[in-house]
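An overview of the molecular structure
Each chain is listed here by its residues.
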Amino acid sequence: MTDFSTPRRMSPGAFLIMFLKSFREIIGVTFVAIVYLFYESSDSDGSPFRKVAFAAGIILVYSLAVAFARYYFRKFHIEGDKLIYTHGVAKRETVSIPLSRVHSLRTKSGLVYRLLDMHGVAFDTLASDDREVELILDEADWQKLLESVDRGETAGLMSNGAEAITAPPPPVRDETKRVSNLKILKGALCQNHLKGFAVLATIAFALFGKIGQLDEDATTRVIDYIDAHAGGLMPTAWQFIGILLAIYLIVMALWTGKIALRYGDMSLALAHNRLTIESGLISKFTCRLTRDKTTVLTIKQNPLEKIADCQTISLHQAVNATDKDEESDIRIYGTDLGSEMLAWWLGDNREKSDTPLLAAASGIGLMWRRFIPQLLLAVAAVIVIIHFTDIIVPTLIAGGIYIAIAAVRAVMAWKHSSIELSDTHIRINRGNIATIREYIRYRDIQSAGIASTPLTRYTRRVTLRISTNAGTVAIPSLRHPAALAILNRLLTPQLIDSITQ
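With respect to the overall build of the chain
Within the chain, the secondary structure is distributed over 15 helices and 20 strands. The 501 residues of the chain split such that 38% are buried. Counted over contacts in the chain with a minimum sequence separation of 6, partners at least 24 positions apart contribute 58%. Summed over all atoms, the accessible surface of the chain reaches about 28500 Å², with 63% contributed by carbon and sulfur.

Structural notes on the pattern of salt bridges
The final tally for this structure, using the stated rule, is nine salt bridges. Across the pair Asp141 and Arg8 runs a salt bridge, and its minimum N-O distance is 3.0 Å. One end of the pair, Asp141, is in helix 4 (residues 139-160); the other, Arg8, is in the segment before helix 1 (13-40), and 133 residues separate them in sequence. Look at Asp141 and you get buried, because its relative accessible area is 10%. Using a relative accessible area of 14% as the deciding quantity, one classes Arg8 as buried. The salt bridge partner of Glu420 is Arg427, with a shortest N-O separation of 3.4 Å. Residue class for Glu420 comes out partly exposed when judged on its relative accessible area of 25%.

Observations regarding the sheet that holds strand 2 (residues 82-87)
Taking strand neighbours across the sheet as the criterion, the three strands line up as 1-2-3 in an open arrangement whose pairing is antiparallel. Only two strands of the sheet have a single neighbouring strand rather than two, namely strand 1 (75-79) and strand 3 (93-98). Mean inter-strand twist for the sheet, computed between neighbouring axes without regard to direction, equals 20°. Both strand 1 and strand 2 contribute to a ladder of five bridges, which runs antiparallel. Residue Ile78 lies in a different strand from strand 2, and its bridge partner there is Leu83.

Remarks on unusual backbone geometry
The backbone of Asp117 shows a phi angle near 60°, a positive value even though the residue is not glycine. A residue is classified by how much of its surface remains accessible, and Asp117, at 45% relative accessible area, is partly exposed.

Some remarks on a nonpolar patch on the surface
Among the surface-exposed residues, Leu16, Leu20, Leu111, Val112, Leu115, Leu116, Leu261, Leu281 and Ile282 lie close enough to one another that they form a single nonpolar patch of about 780 Å² accessible area. For the nonpolar patch, the secondary structure elements donating two or more residues are helix 1 and helix 3 (111-116). Sort the elements by how many residues they give to the nonpolar patch and helix 3 lands first, with four residues. Summarising the element assignment, Leu116 is placed in helix 3. Overall, Leu116 belongs to the partly exposed group, its relative accessible area being 34%.

Some words on the nonpolar core
By size, the foremost hydrophobic cluster in this structure holds 29 residues, and its most contacted members are Phe123 and Leu135. Where this core is concerned, the elements lending two or more residues are helix 1, helix 2 (48-72), strand 1, strand 2, strand 3, strand 5 (118-124), strand 6 (133-138) and helix 4.

Things to note about a positive patch on the surface
Residues Arg369, Arg370, Arg409 and Arg465 make up a contiguous surface patch of positive charge. Note on placement: Arg369 falls in helix 12 (residues 365-389). With relative accessibility at 47%, the residue Arg369 sits in the partly exposed group.

Re the sheet that holds strand 7 (residues 176-179)
Taken in spatial order, the seven strands line up as 6-5-4-10-9-8-7 in an open sheet, and their pairing is antiparallel. Only two strands of the sheet have a single neighbouring strand rather than two, namely strand 6 and strand 7. Direction aside, neighbouring strands of the sheet carry axes that sit 15° apart on average.

Regarding the environment of Gly187
Considering the arrangement of structural elements, one finds Gly187 in helix 5 (residues 181-189). Sequence separation between Gly187 and Gly334 is 147 residues; the distance between their C-alpha atoms is 3.8 Å. When neighbours within four sequence positions are excluded, Gly187 is seen to be in contact with Cys310, Tyr333 and Gly334.

Considerations on the state of the cysteines
One pass over the full model with this rule turns up zero disulfides. Free of any disulfide, Cys190 has its nearest cysteine sulfur in Cys310, 4.5 Å distant.

Quick look at helix 11 (residues 338-346)
Buried within helix 11 we find Gly338, Met341, Leu342, Trp344, Trp345 and Leu346. Two residues or fewer after helix 11 comes Gly347, characterised by a positive phi angle close to 70°.

So, the environment of Leu490
Mapped onto the secondary structure, Leu490 falls in helix 15 (residues 480-500). In sequence terms Leu490 and Tyr442 are 48 residues apart; their C-alpha atoms lie 6.8 Å from each other. Those residues in contact with Leu490, other than ones at most four positions away along the chain, are Leu421, Ile426, Tyr442, Ile445, Ala448, Leu464 and Ile466.

Brief notes about the packing of helix 12 against helix 13 (residues 393-416)
Between two packed helices, both the angle of their axes relative to each other and the distance between the axes serve to describe the pair. Across the interface, helix 12 lies against helix 13 with an axial gap of 8 Å and an inter-helix angle of 170°. It follows from the interaxial angle that helix 12 and helix 13 lie roughly antiparallel. Of helix 13, the residues touching helix 12 (which contributes Leu366, Met367, Arg370, Phe371, Gln374, Leu375, Leu377, Ala378, Val382, Ile385 and Ile386) are Thr395, Leu396, Gly399, Tyr402, Ile403, Ala406, Ala407, Ala410, Val411, Ala413 and Trp414. Of the residues belonging to the contact of helix 12 with helix 13, the class tally is 18 nonpolar, three polar and one charged.

Focus on the environment of Ile403
Along the chain, Ile403 turns up in helix 13. Relative accessible area serves as the criterion here: at 24%, Ile403 is assigned to the partly exposed category. Taking C-alpha positions, Ile403 is 6.8 Å from Ala378, a pair spaced 25 residues apart along the chain. With residues up to four places along the chain from it excluded, the contact list for Ile403 reads Phe371, Leu375 and Ala378.

Here is what the cut-offs are and how they apply
Residues numbered from 1 in each chain as written. Predicted model: local features only at pLDDT ≥ 70, side-chain atom pairs only at ≥ 80, totals over all residues. Heavy atoms only, no water. Helix = DSSP H or I, 4+ residues; strand = E, 2+ residues; numbered from the N terminus. Buried < 20%, exposed > 50% of the residue type's maximum accessible area, 1.4 Å probe, protein only. Contact = heavy atoms within 4.5 Å. Areas by Shrake-Rupley, 256 points an atom, 1.4 Å probe, with all protein chains shown as cover. Salt bridge = Lys/Arg side-chain N within 4 Å of Asp/Glu carboxyl O. Pairing = 2+ DSSP bridges. Axes fitted to C-alpha atoms, helices over the stretch in contact; angles between N-to-C directions. Patch = residues over 30% accessible without salt bridge, like charges linked within 9 Å, V, L, I, M, F, W, Y side chains within 5 Å. Core = buried A, V, L, I, M, F, W, Y, C linked by side-chain atoms within 4.5 Å. Lys, Arg positive; Asp, Glu negative; His and termini not counted. Charge placed at Lys NZ, Arg CZ, Asp CG, Glu CD. Disulfide = S-S within 2.5 Å. Parallel < 35°, antiparallel > 145°, perpendicular 65-115°, else oblique. Nonpolar A, V, L, I, M, F, W, Y, C, P; charged D, E, K, R; others polar.

This is the structure in structure tokens:
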């Protein structure tokens, strides 16, 4: 088969991958039942291994049947500039996606994919927050499909007038930029790892939930043991600090390992209006998107990253562009490619985007707005802990440290918050300890408005809100006349763009 003009099934290797996925899904659901059969079997009931083998055989046969149905009844073809995808057994469903509307093209090649030389291809559009189409193709079919998508994207750009170009050539070797694994690790270590505690808390809640699944006698024994040894198990203050430090180091190691596995061996190919990012140490992930589908470009640099001479770059797509189970943002850790990515994102407009036309900065009210709630929270926590535990000195020291950190964060948030307008885009500066720069093109702004509070009549400060398909960003505590001038400027270029594009 040389093209996709007629309906066809996916590559033969897709059946094996679908079978492994089906088997994993079913075994995950029935795992508890299999363990129950193993431990609750008596001699009169027969060997537990026989029961488990019988259950595994049923799961194997069922997985084969599910994989066959998924593979046999899924077909796709390209008709004109549309990808037609049909699936379903009892209820047949046909999905038609214009290739020019593909927001991003993602591929995943895990260990099994790579052994079979296959690619899992996901097409992301704005129609839904779930992936509309996922194909599993071999290398030859993948390259052929990629050429068809290239022609569709080019036709869409020319019809919309966004960038009238001829069919772009594939990325050449000289345009490929690689990010070393050492830089990826350096960038991961420079991040804020406190959010890793959320992952640890999720694991802890899952473990505690398992306690309720124990039988009554086992639960009683656990509770009696804790009650009998509670005095000896309670750590001292320094031991408690050591435990927290050990937990933080474990979370940091897990977070760093996750970043290394997901973003290691990263390469970036910049080819005119298209960006292709490939990464992954074990499973290979590829994301391919055009410049006009990148709504917001963010460049972050915290003090550690500044010392290490690196940045964190994020490419924000529309919220509905990717599957809800995947990250919609594309992140690049540990690089110094911020200026090059900005030049690519601006395209032909980078030469006239240097001089800001309007600018405004947040007032000191932003500092008090950030600091006062944290101060009240810290004071309340200190009072409650001292009242119930009589631990005075360590609690006061911890409360003072928390208030000092909150004060520094509030001051830095005030100093960093501002907005600048140029001819082609806006730059929003924000961040607490880190400095964060967000770039948004005028044509990507969907709405903008000014929000006030009852105190506005006294402070003359308002909040400017700017919404895109990637979310909403707010610049608080701006002077009302400055915010109104910026709002008028934000709305005017959109009318010009709607006429010229």
